[in-house]
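# Results of the structural survey
Each chain is listed here by its residues.
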Amino acid sequence: MTVLVFVESPDDELSQQALTFARGLGDEVHAALMGEHAGPDGLAAYDVSVAHVARGLDVYAPAAWAQAIVELVERTAPAAVVGPGSDRGNEVLAHVAAKLDQPLAANCTSATPGDPPTLTRVRWGGSLLEEARLHGAPMLVTAAPHAVTAETVANAPVTVSATDFTPAVSEADLVARVSERAGAVAAGVSLTDADVVVSGGRGVGSAAGFSVLEELAELLGGAVGCSRAVTSAGWRPHTDQVGQTGTKIAPEIYIACGISGATQHMAGCKGAKKLLAINPDGDASIFASADYAVIGDLHEIVPAISAEIRKARSG
Amino acid sequence: MIEALSAVLLAAALAVSGTLFARRARVLLGLVRAGAPVERTGNLPRRARNEASIVLGQRKLLQRLGPGLTHAFIFWGFLVLAPTILIAMIGVVDKRATLPWLGHQGWYAVLVDVFAVLVLVGVLAALWVRKVQRPPRFEGSHLGEADLILAMIATIALSLLLWHATRIALGLNEWPRGAAPVANALSHLFGRDQATRVLERVSVWAHVLTILAFLAYLPRSKHLHIATAPFNVWFGRTGPGGRLEPLRFDDEDVPEEDIRFGAGTAGDLTWKQVLDTFSCTECGRCQDACPAFATGKELSPKLLIMGLRDQVLAQASTPLVPGSVSEAPTPLVPGAVSEEVVWDCVTCGACVQACPVSIEHVDHIIDLRRHLVMVESSFPAEAEPMLRDVERASNPWGKAQSQRADWAAELGVRVLEPGDPAPEYLYWVGCASSFDERARHTAASTAKLLQAAGVDFAILGPRESCTGDPARRMGNEYVFQAFAEENVATLNEAGITKIVANCPHCFNTLANEYPDFGGRYQVIHHSELLAALLAEGKLAPRRSDTLSITYHDSCYLARHNDVLAEPRALVSAVGRPVEMQRSGKSTFCCGAGGAHMWMEERAKPINLERVREAAATGADTLAVACPFCTVMLDDGVQGGDADLRVVDVAVLLAEALEGEEPVSAEDEVDSGPCR
Amino acid sequence: MNVLVCVKRVPLTGGKIVLTEDERAISTRHLGFTISPHEECGAEEAIRLVEAHGGTSTVLTLGPVEAEEQLRDMMAIGIDRAVHLLSDGGEWDPQATAAAIVTAIRAEDEAPDLILFGNESADAGNYQVAIRVAHALGLPCVTGVKGMSVEGASVRCEQEVPDGRDVYVVPMPAVLTVKEGLNLPRYPSVPGRLRAKRKPVAASRPTRPDARLEMVRLVLPPGLGKHAEVLGRGPEAAPAVIGVLQELGLV
């Protein structure tokens with residue numbers, strides 16, 4: 001049985017994770033790619049045997065992209081269809097599920113074929129897991145971001161057989177499509193890309209209090225984030241908000257200053273490789289998720305860290 | 001003939017002055033009567049006492065001796081000299097007549113003589129204060145108006161003395177010779193001639209006409225307080241200062257459009273608030289006492305009241321045409337006062353305490369906030385998470401209620417479950433002492449001390465909610481009342497009769513505000529209970545002579561609730577007390593009151609100012625009895641260079657009981673703000 | 001124009017999630033309830049649209065009796081009316097949820113011009129109910145909307161993507177899922193809350209079909225409750241922090 005994976009692009013990390021996730025769900029991995037310029041380069045390393053490239057879909061139109069996958073499902077009868085746990089991955093798979101009238105499990109951390117297949121998926125942005133059964137075929141899932149690490153295979157096939165096709169997309173499928181790309185607003189290091197995120201919560205106390213965090217972030221070439229309480233208080237714009245309803249980040253280290261650790265916030269930063277929490281309250285719930293803890297006043301500790309970095313660099 | 005002419009002239013002058021006075025008085029009285037209702041008639045003995053001490057005794061004015069005496073001389077002089085108005089009017093018509101009996105009394109002549117001089121002394125002293133000293137409290141007051149008034153008073157006193165002196169010179173005095181020493185001395189300047197006779201007429205006419213001019217001018221100036229202040233004091237609050245007047249949202253007799261949501265326009269002010277604005281003398285004593293003003297905020301309680309008065313009067317001068325759809329009345333914010341002013345207030349009540357005419361500034365502020373929050377949804381953005389969290393999570397930090405009793409888990413404190421027998425004391429922990437790292441020490445220490453003294457107590461744990469105080473002080477009366485009703489139901493259902501609270505804000509709300517919602521308990525502050533246990537010998541701490549402690553009075557404990565001695569008893573039991581300059585009921589706020597724990601402070605921080613004062617005592621420990629003071633002052637210590645340990649009295653006592661070495665400021669574990 | 005916004009009652013979990021004994025739900029004893037922040041922005045947008053263009057705003061929920069609290073909350077900030085699909089409190093899977101909503105929308109006297117959802121619910125996070133509703137009704141759907149404006153018979157939507165904003169222009173009626181940041185939801189006024197008590201709620205009780213995404217049990221993820229390495233207290237911990245940063249190659 002084959003597994004069909006929706007691949008946003010061969011070098012997209014979440015798509016690579018989806019390909020890795022898919023390996024255990026069938027004998028053969030097929031990839032579905034969209035667009036005139038899409039190609040299968042690099043997919044061989046992820047054990048992809050066939051790449052189906054849908055032509056005529058250069059502009060993102062979720063229903064149309066889903067239609068292409070539906071056609072592949074009808075043609076190749078895969079055991080499962082896997083998508084990346086990205087915005088587009090979840091969206092396209094939801095359209096596929098709606099068109100096929102089959103159940104979809106979004107953001108799975110694991111899945112086991114069977115009758116019915118069982119799976120584990122994230123709820124509450126990752127603060128809670130759900131074990132579930134999926135009563136439908138094919139099995140439709142997306143892989144939760146960073147639930148598995150993207151892994152290439154050692155004895156990978158040298159080439160991937162690529163087949164082009166042009167899906168029969170209806171007018172209705174093209175009504176919702178990207179008509180233009182408005183320019184990026186953010187300057188400097190973006191939250192999503194930053195290796196270091198220095199983030200502040202209610203404990204920062206004021207908008208002005210963020211200056212020490214900005215200083216440390218700048219020294220480390222990182223970005224400044226904040227909790228929802230901070231955005232609500234108007235101290236920082238919503239674009240800086242890390243959390244379930246803000247930006248989800250995956251830096252090398254997340255430095256959480258004066259953040260108590262509400263589940264809503266932790267949902268946004270659990271992708272971080274390491275979490276350093278600075279909080280005066282030794283019992284703050286953030287310490288339950290942190291790798292490193294410094295107990296005390298961030299207004300004293302953060303400047304001390306900045307000073308120490310300068311000292312280390314000049315010395 | 002001349003008598004008849006004089007009588008006609010006097011009658012005309014009286015009619016003009018009286019009409020001017022009455023017309024203005026009718027407008028002002030109408031404005032007061034149009035105010036929203038508020039109950040201010042009960043407790044007559046207390047009202048009589050206030051009238052006697054605050055008005056007749058000038059108690060609040062004499063809090064500042066110099067300016068107080070200045071005013072007292074003029075005020076007492078005004079009382080003593082009042083009958084001379086009648087005497088002078090009789091004298092204007094018939095120079096040989098006087099008031100029966102009183103006009104002939106030697107002792108009265110002495111009094112008049114002495115008080116006329118005292119009034120002049122008062123006027124001169126007032127001029128000296130205003131022209132030479134120029135204290136900042138007069139900034140923004142109507143100074144020219146005051147000068148004119150002082151000139152009139154001086155004219156009245158001088159013309160009276162001159163009239164008496166000329167009468168003595170002319171032998172017209174009805175009182176015994178020699179009874180009026182000053183007038184007698186002055187009389188030697190005059191002969192028994194035509195010039196003196198003219199001067200006698202001129203001075204009595206000047207006296208009477210100045211008084212009549214004064215009468216007409218009075219209700220158009222800040223000196224209206226002469227007429228309004230006695231009433232304002234009479235109708236002043238008689239209950240605890242910390243209680244706010246509840247609003248009614250569920251009264252079925254009141255149609256929705258008539259529900260009062262605080263004060264949005266001048267028409268929403270209560271009659272007492274309107275009377276407040278008419279009573280303000282612009283003396284600035286409130287401004288001098290205000291911690292917000294002292295730290296450079298925009299708020300001046302004096303300018304607040306003056307702004308409201310201007311708006312009330314402006315509204316009166318543009319009456320609505322009945323039946324016409326006229327323009328909406330100007331909103332008080334920002335029409336009368338700016339939004340900043342409304343949010344600068346920490347509700348410490350220092351202004352109310354300082355006010356010589358019983359103006360209740362905090363009630364004005366709260367009513368302005370009520371309208372902004374409840375009708376306009378307009379308030380400092382940083383306070384929104386608090387308001388939402390109080391309502392949804394039952395505490396202002398949005399913590400999980402299930403973790404409320406975490407601090408007590410290892411202490412074996414009884415958590416009262418539904419149906420459990422009621423303890424003697426319910427320990428109301430409060431949100432800060434349940435969730436804030438620094439304040440939690442207070443809860444733990446209090447519990448340990450009560451256990452050590454064998455007190456039967458329990459906590460509500462997750463069933464304890466915010467009292468609603470921060471929402472109420474922010475102006476959200478609706479959210480407050482939901483919590484008041486819920487908490488009262490929980491407490492009543494649990495059969496609670498006595499409550500001990502370590503947070504003065506919870507204490508004030510439970511003791512003074514929950515009775516309005518059917519919750520009547522004997523509520524005491526933890527310092528009171530601990531002091532009683534100490535006195536009974538149930539707690540025996542070890543006292544250290546080397547530990548010097550200065551105690552900071554919480555506004556809601558000391559000023560609003562008169563708890564002064566008990567925390568000091570605890571301090572004296574463990575160390576050597578030193579008082580700060582501003583202490584007791586004259587304490588200076590830590591900066592957290594009035595929901596300021598959740599607002600950003602503009603200008604200079606209040607807590608730094610207070611910590612500076614504490615450090616000046618040379619003490620090494622700054623004792624507090626409030627979790628918010630703990631956080632604010634500890635922040636102040638860490639933000640400045642003071643070397644002080646900020647610690648709750650219960651923690652100090654618990655440490656002294658355990659016999660541990662007192663912790664000095666350097667060893668204290670760092671703990672930053674967790675707001 | 002008529003705007004319908006769908007919301008879901010969820011508990012405020014605070015810092016620590018505790019499960020019920022059967023491990024099929026979060027223990028909500030002592031917890032408050034709310035709706036997802038995305039949905040709050042949806043409701044705010046619905047109110048603003050109706051304020052600007054006239055019409056009626058409606059809030060719809062599928063949830064237990066207690067969810068009326070959330071409906072009243074939304075009516076307190078200005079939503080005109082509510083539709084309450086009563087559930088027994090159990091878990092409805094995305095397909096069942098979408099089907100119930102579709103039935104309810106079809107039963108409306110006036111079809112909505114815009115149907116707003118949160119991008120995903122705070123608890124289940126299935127990312128699909130809105131899309132299923134759109135398919136069933138034959139309407140276009142745009143997700144993750146963080147900026148929108150009505151232009152004639154169309155609505156222009158902006159969606160945040162890593163290097164900018166993607167723009168979609170779709171004709172109405174349409175289904176949109178919105179994200180927090182779209183607007184700042186207003187704080188409810190008290191007159192609004194009092195009025196909300198009298199606004200109409202149309203209640204009905206749909207039957208729940210068998211779940212096709214069947215929840216078996218909930219599990220707290222491993223890693224929670226791990227013990228952080230305490231680097232120190234106060235500023236003295238700075239050198240230890242530098243040590244960690246050096247290990248990670250950041251200093």
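Residues numbered from 1 in each chain as written. Chains lettered and ligands numbered in written order. Predicted model: local features only at pLDDT ≥ 70, side-chain atom pairs only at ≥ 80, totals over all residues.

### Notes on the overall build of chain C
- Counting secondary structure elements, chain C contains six helices and 13 strands.
- If one aligns the C-alpha atoms of chain C with their principal axes, the spans along those axes are about 65 × 45 × 40 Å.
- The burial tally for chain C puts 51% of its 251 residues in the buried class.
- Across chain C, contacts joining residues at least 24 apart in sequence account for 70% of those joining residues at least 6 apart. (Helix = DSSP H or I, 4+ residues; strand = E, 2+ residues; numbered from the N terminus. Buried ≥ 20, exposed ≤ 12 C-beta atoms within 10 Å, placed from the backbone. Contact = placed C-beta atoms within 7 Å.)

### Quick notes on the environment of Leu219(A)
All names here are of chain A.
- Note that Leu-219 resides in helix H4 (residues 211-219).
- Considering only alpha carbons, one finds Leu-219 and Gly-126, 93 residues apart in sequence, at a separation of 31 Å.
- Excluding residues that lie within four positions of it along the chain, Leu-219 makes contacts with Ser-306 and Ile-309.

### Considerations on the interface of chain B and chain C
- Listed as interface residues are 21 residues of chain B and, on the opposing side, 18 residues of chain C.
- When residues of the side of chain B that touches chain C are assigned to their parent elements, the largest contribution, four residues, is made by helix H17 (residues 384-393) of chain B.
- A class-by-class count of the residues in the side of chain B that touches chain C yields 10 nonpolar, six polar and five charged. (Nonpolar A, V, L, I, M, F, W, Y, C, P; charged D, E, K, R; others polar.)

### Let's talk about the confidence of the model for chain C
- Taken over all residues, the pLDDT of chain C has a mean of 93, while the share at 70 or more is 98%.
- The complex model carries a pTM of 0.90, and its ipTM stands at 0.93. (pLDDT = per-residue confidence, 0-100.)

### A few points about the confidence of the model for chain B
- When pLDDT is averaged along chain B, the result is 92; 96% of the residues meet or exceed 70.
- For residues 321-325 of chain B, every residue scores under 50 in pLDDT, and the model assigns this stretch one contact once sequence neighbours within four places are set aside.

### Considerations on the interface of chain C and chain A
- If you look at the interface, chain C gives 69 residues, while chain A gives 75 residues.
- The set of elements that each furnish at least two residues to the side of chain C that touches chain A consists of helix H1 (37-53), helix H4 (129-137), strand S7 (141-151), strand S9 (164-171), strand S12 (213-219), strand S13 (229-233) and helix H6 (238-247) of chain C.
- Per element, the largest residue contribution to the side of chain C that touches chain A is eight residues, and it comes from S9(C).
- Residues that form the side of chain C that touches chain A fall into these classes: 36 nonpolar, 18 polar and 15 charged.
- By the bridge criterion, six bridges tie strand S7 (residues 128-134) of chain A to S12(C) in an arrangement that is antiparallel. If you follow Arg133(A) over to S12(C), its bridge partner there is Glu214(C). (Pairing = 2+ DSSP bridges.)

### Some details on the nonpolar core
- By size, the foremost hydrophobic cluster in this structure holds 195 residues, and its most contacted members are Tyr427(B) and Leu653(B).
- The greatest single-element share of this core, amounting to 12 residues, is contributed by helix H5 (residues 143-170) of chain B.
- Leaving out residues up to four positions away in the same chain, Leu653(B) has contacts with Leu449(B), Leu530(B), Leu539(B), Pro541(B), Leu570(B), Ala573(B) and Val574(B).
- One finds Ala22(A), Ala61(A), Val96(A) and Ile249(A) within the second-largest nonpolar core, a separate group that totals 178 residues. (Core = buried A, V, L, I, M, F, W, Y, C linked by C-beta atoms within 7 Å.)

### Looking at unusual backbone geometry
- With an omega dihedral of -5 degrees, the bond running from Ala137(A) to Pro138(A) counts as a cis peptide bond.
- As for its position among the elements, Pro138(A) is in the loop between S7 and strand S8 (139-143).
- Omega for the bond connecting Met172(C) with Pro173(C) falls within 30 degrees of zero, at 0 degrees, which places this linkage in the cis form.
- Positive phi outside glycine occurs at Trp124(A), with the angle close to 50 degrees.
- A tally of 25 C-beta atoms within 10 Å means that Trp124(A) is categorised as buried.

### Comments concerning helix H22 (residues 504-513) of chain B
- Counting buried residues along H22(B), nine of its 10 residues qualify, which places the element largely inside the surrounding structure.
- Within the span of H22(B), buried status applies to Pro504(B), His505(B), Cys506(B), Phe507(B), Asn508(B), Thr509(B), Leu510(B), Ala511(B) and Glu513(B).

### Examining the pairing of strand S11 (residues 196-200) of chain A
Residues and elements named next belong to chain A.
- Within S11, five of the five residues are buried, which leaves the element mostly enclosed by the surrounding structure.
- Alternating positions in S11 separate into two faces, Val-196, Val-198 and Gly-200 on one and Val-197 and Ser-199 on the other, with burial throughout.
- Where S11 meets strand S13 (residues 253-257), five bridges bridge the pair, whose relative direction is parallel. Counterpart to Ser-199 in the pairing with S13 is Ala-256.
- Relative to strand S12 (residues 223-226), S11 runs parallel, the two sharing four bridges. Its bridge partner being in S12, Ser-199 is matched across the sheet by Gly-225.
- Taken together, S11, H4 and S12 constitute a β-α-β crossover, and its handedness is right-handed. (Right-handed = clockwise from strand over helix to strand, strands pointing away.)

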